[in-house]
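Now for the letters of each chain:
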Amino acid sequence: MASIVTHDSTMSYTGRIQAGDRKPSRDPRDWTCDQVVGNLCRMDRRLLVKDLGPLFEQKVAGDVLLRCSLDVLLKVLKLDFNTAIRVNEQITKLKIVVRGLDVIVIK
């Protein structure tokens, strides 16, 4: 049993933490579900692990997260409105990071 600790909350989850999971890739497309949740909480301190439970339940990895629209966050993952807006804002920022990484690879 492992746990993620954020500023105000602790949420335990089951599963193995792989050695590679401890140091997330710079590329959000390579993030595991655990890394997605942990990094979202670091990016926006108002996001709590407990509010991102649906991302755990659906095992949303980084590449899939980047394909999620606000509609998917609300209707499919059933995040509450405030959480969905905050996650959507971080998705927009992560897409900019990915574009930057693609430019570096192309050169």
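Before reading further, recall that the structure is shown in the block above.
Below is a short write-up of the structure. (Residues numbered from 1 in each chain as written. Predicted model: local features only at pLDDT ≥ 70, side-chain atom pairs only at ≥ 80, totals over all residues. Heavy atoms only, no water.)

### A word on the overall build of the protein chain
The number of helices and strands found in the protein chain is 5 helices and 2 strands. Counting from the amino terminus, the protein chain carries its helices and strands in the arrangement β-β-α-α-α-α-α. Looking at the 107 residues of the protein chain, the share that counts as buried comes to 40%. For the protein chain, the proportion of contacts with a sequence separation of at least 24, taken over those separated by at least 6, is 53%. Of the roughly 6,800 Å² of accessible surface on the protein chain, 53% is carried by carbon and sulfur atoms. (Helix = DSSP H or I, 4+ residues; strand = E, 2+ residues; numbered from the N terminus. Buried < 20%, exposed > 50% of the residue type's maximum accessible area, 1.4 Å probe, protein only. Contact = heavy atoms within 4.5 Å. Areas by Shrake-Rupley, 256 points an atom, 1.4 Å probe, with all protein chains shown as cover.)

### What about the environment of Leu 66?
Among the secondary structure elements, Leu 66 is positioned in the loop between helix H3 (62-65) and helix H4 (70-76). With 29 residues separating them in the primary sequence, Leu 66 and Lys 95 have C-alpha atoms 6.8 Å apart. Ignoring sequence-local partners within four residues, the contact set of Leu 66 consists of Pro 28, Arg 29, Ile 91, Leu 94, Lys 95 and Val 98.

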